[in-house]
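Overview (structure and organization)
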Amino acid sequence: MFYHCDRNDHGLPYNPFKACVIPRPIGWVSTRSGAGVPNLSPFSFFSAVNERPPMVAFCANGRHVAGGEKDSVLNARETGEFVVNLATYALRDAINASSASVERDVDEFGLAGVTAVPGRLVKAPCVKESPVHLECAVHDILELPSSEEGWISRMVIGRVLGIYVDDAMIEDGMVKAERLQAISRLGYMDYAVTREVFQLNRPE
């Protein structure tokens, strides 16, 4: 099968694009508005994008109820900060609950039943129950192209200022992926959890 992306002439009931780019890590992004209202939302268009210095990016796209940017982007723009909390299997229901489209003044921490704790280097809150927090300063916010009327896409790039890792996730000086049990997004409503790990040494 081959299809032209501009025409979406794949003939399938659902667009297969996101099912072909897998697994995608989930950036569980927490922010705080200029007025101090916490926000929490998962993004499956998320990744590390640089190492020295460490940088990450998340993309918010879709139709906002008010016709503007999503709250996570607005808050990052207002305050210059955000936190990425590791999305884990144990927190899957809370992550899913925080994906609901709600009004700007709704605190998704309460909606998801998780605890907001202050960041050490940023004012944006962290999810206490998550074993990893990446505290970030906004580097840039890019407007991405849209091929559909009313569709809004923004990429938020952040420099990671500080990282918290639960000591229980560390063994022999290394963060153990098997202990984290991070979840990732697949296509459709499918997810995966990292439980099996293997090693490959780079060729000399």
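Whatever comes next refers back to the structure up there.
Residues numbered from 1 in each chain as written. Predicted model: local features only at pLDDT ≥ 70, side-chain atom pairs only at ≥ 80, totals over all residues. Heavy atoms only, no water.

As a further point, take the nonpolar core. One finds Val56, Phe58, Phe82, Val84, Leu134 and Val156 to be the most contacted residues of the largest nonpolar core, which totals 18 residues. At the level of secondary structure, the elements contributing two or more residues to this core comprise β5 (55–62), α2 (71–79), β6 (81–86), β9 (132–143) and β10 (152–165). Top contributing element to this core by residue count: β9, with four residues. Leave out the neighbours within four places in its chain, and Leu134 touches Val56, Phe82, Val83, Val84, Val160, Gly162 and Ile163. In terms of nonpolar packing, the next biggest core, distinct from the first, is built from twelve residues, Trp28, Leu40, Leu91 and Val114 among them. (Core = buried A, V, L, I, M, F, W, Y, C linked by side-chain atoms within 4.5 Å. Buried < 20%, exposed > 50% of the residue type's maximum accessible area, 1.4 Å probe, protein only. Helix = DSSP H or I, 4+ residues; strand = E, 2+ residues; numbered from the N terminus. Contact = heavy atoms within 4.5 Å.)

Looking now at the sheet that holds strand β3 (residues 38–43). Read from one edge of the open sheet, seven strands run β3-β2-β6-β9-β10-β5-β4, paired in antiparallel fashion. Strand pairing shows two members of the sheet lacking a second neighbour, β3 and β4 (46–50), which therefore form its edges. Across this sheet, the average inter-strand angle for adjacent strands is 35°, counted without regard to direction. Where β4 and β5 come together, four bridges link them in antiparallel fashion. By the bridge assignment, Phe46 is partnered in β5 with Phe58. (Pairing = 2+ DSSP bridges. Axes fitted to C-alpha atoms, helices over the stretch in contact; angles between N-to-C directions.)

The sheet built from three strands is open, its strands ordered β1-β13-β14 with antiparallel pairing. What marks the edges here is a single partner per strand, and that holds for β1 (24–25) and β14 (191–193). Note that strand β13 (residues 183–185) and β14 share three bridges and pair antiparallel. Among the inter-strand pairings, Ile183 is bridged to a residue of β14, identified as Val193.

Next up on the list: the pattern of salt bridges. Under the definition given, this model contains six salt bridges. The closest approach of N and O atoms between Glu69 and Arg77, which form a salt bridge, is 2.5 Å. Salt-bridge contacts for Arg179 lead to Glu171; the nearest nitrogen and oxygen are separated by 2.4 Å. On the basis of relative accessible area, Glu171 is assigned to the partly exposed category, the value being 32%. Via salt bridges that share partners, Glu69, Arg77 and Arg154 belong to a single interconnected network. (Salt bridge = Lys/Arg side-chain N within 4 Å of Asp/Glu carboxyl O.)

This next bit is on the state of the cysteines. This model, assessed by the stated rule, comprises zero disulfides. No disulfide involves Cys5; its sulfur sits 9.4 Å from that of Cys20, the nearest cysteine. Cysteine Cys136 remains unbridged, with the sulfur of Cys126 as its closest cysteine sulfur at 9.8 Å. Accessibility expressed as a relative area gives 0% for Cys136, which makes it buried. (Disulfide = S-S within 2.5 Å.)

This paragraph deals with the environment of Ala116. Positionally, Ala116 belongs in strand β7 (residues 116–118). Between the alpha carbons of Ala116 and Cys126 there is a distance of 5.6 Å; along the sequence they are ten residues apart. Sequence-distant contacts of Ala116, defined by excluding residues within four places in its chain, comprise Phe109, Pro125 and Cys126.

On to the layout of surface pockets. Quantified by volume, the second largest pocket comes out at close to 510 Å³. Lining of the second largest pocket is provided by 21 residues; of these, Pro25, Phe46, Ala48, Leu86 and Leu134 occupy positions nearest its centre. Of all the elements in the fold, those that place two or more residues in the lining of the second largest pocket are β4, β5, β6, β9, β10 and β13. Broken down by element, the residue count for the lining of the second largest pocket peaks at four residues, all from β4. (1 Å grid on protein atoms, 1.4 Å probe; cavity = no way out; pocket = protein on both sides within 12 Å on 5 of 7 lines; lining within 4 Å. Points joined across faces, edges and corners; volume = space filled by probe spheres on them.)

Okay, the side chain of Glu135 next. Positionally, Glu135 belongs in strand β9. Buried Glu135, no salt bridge; nearest opposite-charge side chain is Arg120, N-O distance 5.5 Å. When neighbours within four sequence positions are excluded, Glu135 is seen to be in contact with Phe82, Val83, Gly119, Arg120, Leu121, Val122, Cys126, Arg159, Val160, Leu161 and Gly162. (Lys, Arg positive; Asp, Glu negative; His and termini not counted.)

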